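# Descriptive structure summary
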Amino acid sequence: MNISTQNNQVHYLKRSGYEYLWKVTVDQSDSLIAGSFLGHEILRLRCIRDVSTSEDRYQLADGGEGTLPYHSWMVAHGDEQWSTTLSEAEMLKRLEPYLQTILFTPTQIQLHLSLEEQARIYGFGERTGGLNKRGEAFPIWNIDFPGHHDEGVTSMYTSIPFFTLHHVATGQASGVFIDYTGQINADLGVSEPGIATLTAEANELPIYFFTGPTPADVLRQYTELTGRMPLPARWTLGYHQCRWSYASAELASSIADQLRERKHPADAIWLDIDYMDGYRNFTWHPERFPDPVALTKKLHEQHFHVVTILDPGTKVDEEYSIYREGLANDYFCRYPNGELFVGSVWPGNSAFPDFSQAAVRAWWGKNYKALLDAGVDAIWNDMDEPALTNSLLNTDEDEPSLWGKTMDASVVHQAGGAHATGPDGPTVSHRDFHNAYGMELARTTYEGLRSLRPDSRPFVLTRSGTGGMQRYAALWTGDNTSKWSHIRLAVRMCLSIGVSGQAFVGSDIGGFHDDSNGELLTRFSQLGALMPFSRNHSSKETVSQEPWAFGEPYESAIRKAIETRYQLLPHLYTLFQQATIDGSPIMRPLYYHYPQDEQAANVETQFLIGETLLSAPISEAGATSREVYLPEGEWFDYWDGTPYSGLATHEVPAPLERWPFFVRANSIIPTGPVLQYTDQPHQEPLTFTCYLTKDGLASYTLYEDDGQTQAYRQGAFATTTLSCQTTGETVTVQLEEQHKGYKPSYAFYTIIVHIGDRTLQGQIQTGQGATTIKLS
Ligand code: GLC
């Protein structure tokens, strides 16, 4: 980690618990820095501005299990999980260089990092610009951007104050996370080309530094601190069909019928705001959805899951029980003078639950019972920045639009209130809590669903969030537009979000705003086939964009793309499981695995899925081929096995029904049959395709479980490890099954081996434990 020298006077005071205290004098006032090592790879500086030596400002939490010496919404674990064997002298030696990165001003705390010429900056969550954020300046502040977002929009629905500094020359990476949910301003070499400055108008700023040294290590360290995604139910990895709105039970049901009749694999039908009665949460529209139980039963029989939207804004309406209950219990956010905060959303004037309080989260969480009882399977949280709008109600042209507006900064979040050192921490103003609002709604939903159905794996999709949101929800990138540049934008945004710790991410397939068309929808679906979250969604007043909407040849091409996803489900599910262990993204930028490849670092229109698949979606109208950069090694065309050499750029054919898609040599990819829904029972063997170089060696461990329950946490899963080696003309395939807690259903594995342009094939019976076969 490089540092810049600042002017503050720093004096070591003493050790306090496992923290080391320095006094920092600026002008006449004193501030404190409490430094500590968390394990061997994470270092923390808690910067406390303007204290007059009294120490109680940094001893907030109650010191019990799971607590930090301060309150955090984003950090997942208490300090007790870390231990370090470093001596005091060693700690001080390692901490001291970091002290100079901190600057206290009369109103701010700043972090200054000097940037080597080659250093690149990745992360910060959802952002529209290039992958490398160096040379950009933006506020870290969640907003529903007023207008159709495009390049150059500085803030969006989700921001994550975490980034990786990456040096291509050495391939080394390190990371920084600022634990503050109010606004932070990032200036990444704009005011001074060699300096990144992050500024917060805060009295306390905990900053974490991750030592790397690889991009994957940084992400592992960051997610060790802020938590990891729990394993999602397998169906959530399927294809999802949505629209604003399938506004009647008949329409939703007919969309489901057509998906099945036309054989488009799909796992979920989504209901947008019009299923509700006057946009009141937890209600159904009495005429358009007269019998929700009958609708969900019918959709379940067709093997669809049903997801409903739910926004935090609660209609101000004395006749509405949720509003009355919230008011009676004082669960809604208020101004400091006690006045209720009322903002307009879809239902008009609305109150906002204060999700900083455990009691409010428990209340809101229980209310989901009404939806689950009606047969709903999962929840989509939206407008949770929180966003205000008067767009549906505004008939007066002179009335200013509320788009882009949020809760007033002075609004109070009670949090722990009188129990300020407890798990919710002290009362805070919206100014300091803002970026946590969406995440705390997602947490409320996740925890509510989990306690209502303890053995299930809740699925929550959110639009807004911040660091740590991966513990509760998947994220989609909000209201994109049906245009070609938004395929490129989706790639960059999903990659940035993935390297910010949020692995489960996707963009609206086909584009949300404006009319899509057959070719655009096809190419979007080909990107969507490999996005971690794969949902087609579009806005009101746009043309329909279900897979069949534009007829042939598009419908067949879209079907093929989604079928490809379903065939790859065994691999995708294994990647999701890996993310729950080490925080790695599903969709990865090339630099992640090729950190010293300058050319790979500049690639922003291709991505890796895991370590071994590389996709290069088409994002130009009329294109029938595109240039693809393949990094080091040899590569095979996924579609026909053609070998390609790495460290080279190739012009690759891309007729409408396929896109450039590659597998790295010396790797193994498991695939299943084309399914119509993820949990469809089948007798087909599982196929392991081995892509080998001459004298190559590859191995792979497949992860499987029941795909639905929490039993995997008690060991109910299966792992199958395959390795494949060529010696001369012979290929030796070794297979080892650990099928203790869970037994996969198939009777055979098909083994396909590609070596150069030769293909060999064999079969192995399952359930034998360890097996070796030779193919020649
Ligand atoms: C917001 C969401 C969008 C949704 C619409 C209506 O614009 O981003 O996905 O369809 O609200 O609920």
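Residues numbered from 1 in each chain as written. Predicted model: local features only at pLDDT ≥ 70, side-chain atom pairs only at ≥ 80, totals over all residues. Heavy atoms only, no water.

It is worth spelling out the UniProt feature "domain: DUF5110" (unreviewed entry) in the chain at this point. Mapped onto this numbering, the UniProt entry gives "domain: DUF5110" (unreviewed entry) at residues 685–754. End C-alpha to end C-alpha, residues 685–754 measures 19 Å, and it is 0% helix and 61% strand. (UniProt positions renumbered as here; feature names shortened; annotations may be inferred. Helix = DSSP H or I, 4+ residues; strand = E, 2+ residues; numbered from the N terminus.)

Per the UniProt record, "domain: Glycoside hydrolase family 31 N-terminal" (unreviewed entry) is found at residues 98–183. Taken end to end, residues 98–183 has its terminal C-alpha atoms 23 Å apart, with 2% of it in helix and 42% in strand.

Attention now moves to helix α11 (residues 554–567). For α11, spanning 14 residues, the distance from its first C-alpha to its last is 20 Å, which sits close to the expected 20 Å at 1.5 Å a residue. Across the 14 residues of α11, ten count as buried, placing the element largely inside the fold. For α11, the set of buried residues is Glu 555, Ala 557, Ile 558, Arg 559, Ala 561, Ile 562, Glu 563, Thr 564, Arg 565 and Tyr 566. Looking at the buried side of α11, the elements it contacts are β14 (239–241), α10 (518–528), β26 (534–536), α12 (569–582) and β34 (661–664). (Expected span 1.5 Å × (residues − 1). Buried < 20%, exposed > 50% of the residue type's maximum accessible area, 1.4 Å probe, protein only. Contact = heavy atoms within 4.5 Å.)

Turning our eyes to something else, we now look at the site of the ligand. All residues adjacent to the ligand are Trp 244, Asp 272, Ile 273, Ile 309, Trp 346, Trp 380, Asp 382, Arg 463, Trp 476, Asp 479, Phe 512 and His 537. The contact in question runs from an oxygen atom of the ligand to an N or O atom on the side chain of Asp 382, over 3.0 Å. Protein coverage of the free-state accessible area of the ligand, which is 310 Å², stands at 97%. Looking at side-chain class alone, the shell around the ligand contains seven nonpolar, one polar and four charged residues. (Near = heavy atom within 4 Å. Polar contact = N/O pair within 3.5 Å; in protein donor to acceptor, adjacent residues only side chain to side chain. Areas by Shrake-Rupley, 256 points an atom, 1.4 Å probe, with all protein chains shown as cover. Nonpolar A, V, L, I, M, F, W, Y, C, P; charged D, E, K, R; others polar.)

So, on to the pattern of salt bridges. All chains considered together, the criterion is met by 40 salt bridges. In this structure, Arg 46 engages Glu 19 in a salt bridge whose closest nitrogen and oxygen atoms are separated by 2.8 Å. Of this pair, Arg 46 sits in strand β4 (residues 42–48) while Glu 19 sits in strand β2 (residues 19–26), and the two are 27 residues apart along the sequence. For Glu 19, a relative accessible area of 4% puts it in the buried group. Of the charged contacts, one joins Arg 280 and Asp 277 as a salt bridge, the two residues approaching to 3.9 Å between their closest N and O atoms. With a relative accessible area of 29%, Asp 277 lands in the partly exposed category. Several salt bridges converge on common partners, so that one network encompasses Glu 19, Arg 44, Arg 46, Asp 79 and Glu 204. (Salt bridge = Lys/Arg side-chain N within 4 Å of Asp/Glu carboxyl O.)

In a beta sheet, neighbouring strands pair by backbone hydrogen bonds and run either parallel or antiparallel. On the basis of which strands lie adjacent, the open sheet formed by four strands has the order β35-β36-β40-β41 and mixed pairing. Strands with a single pairing partner mark the edges of an open sheet, and in this sheet they are β35 (667–671) and β41 (758–765). When the angles between neighbouring strand axes are averaged without regard to direction, this sheet yields 20 degrees. Of the strand pairs in this sheet, strand β40 (residues 748–755) and β41 are connected by eight bridges, and their pairing is antiparallel. By the bridge assignment for β41, Ile 751 is matched with Gly 762. (Pairing = 2+ DSSP bridges. Axes fitted to C-alpha atoms, helices over the stretch in contact; angles between N-to-C directions.)

Bringing the environment of Tyr 592 into the picture now. If you trace the backbone, Tyr 592 turns up in helix α13 (residues 590–593). Overall, the relative accessible area of 5% leaves Tyr 592 in the buried class. Once the C-alpha coordinates of Tyr 592 and Thr 726 are considered, the two residues, 134 residues apart in sequence, prove to be 28 Å apart. Setting aside residues no more than four positions away along its own chain, Tyr 592 makes contact with Pro 215, Ala 216, Leu 219, Val 499, Ser 584 and Pro 585.

Here the focus is the domain arrangement of the chain. Split by domain assignment, the chain resolves into domain 1 (2–219), domain 2 (287–455) and domain 3 (612–776). Each of domain 1 and domain 3 has a C-alpha centre, and these two points are 41 Å apart. (Domains from an automatic or database assignment.)

Ordered in space as β17-β19-β18, the three strands form an open sheet in which the pairing is antiparallel. At either margin of the open sheet sits one strand with a lone partner, and together these are β17 (314–315) and β18 (342–345). Across two bridges, β17 lies against strand β19 (residues 348–351) in antiparallel orientation. Residue Lys 315 lies in a different strand from β19, and its bridge partner there is Ser 350.

The next subject is helix α1 (residues 88–99). In an α-helix, one full turn covers 3.6 residues, which means residues spaced three or four apart are oriented alike. Taking 1.5 Å per residue as the helical rise, α1 with its twelve residues ought to reach 16 Å, and the 16 Å between its terminal C-alpha atoms agrees with that figure. Within α1 the residues assigned to the buried category are Met 91, Leu 92, Leu 95, Tyr 98 and Leu 99. When α1 is viewed along its axis, its buried side chains cluster within an angular range of 120 degrees and face the same direction. For α1, the exposed residues set more than 90 degrees away from the buried face come down to Ala 89 and Lys 93. Among the structural elements, β1 (9–16), β2, β3 (29–38), β4, β5 (102–104) and β13 (204–210) are those in contact with the buried residues of α1. (Arc of directions from axis to C-beta.)

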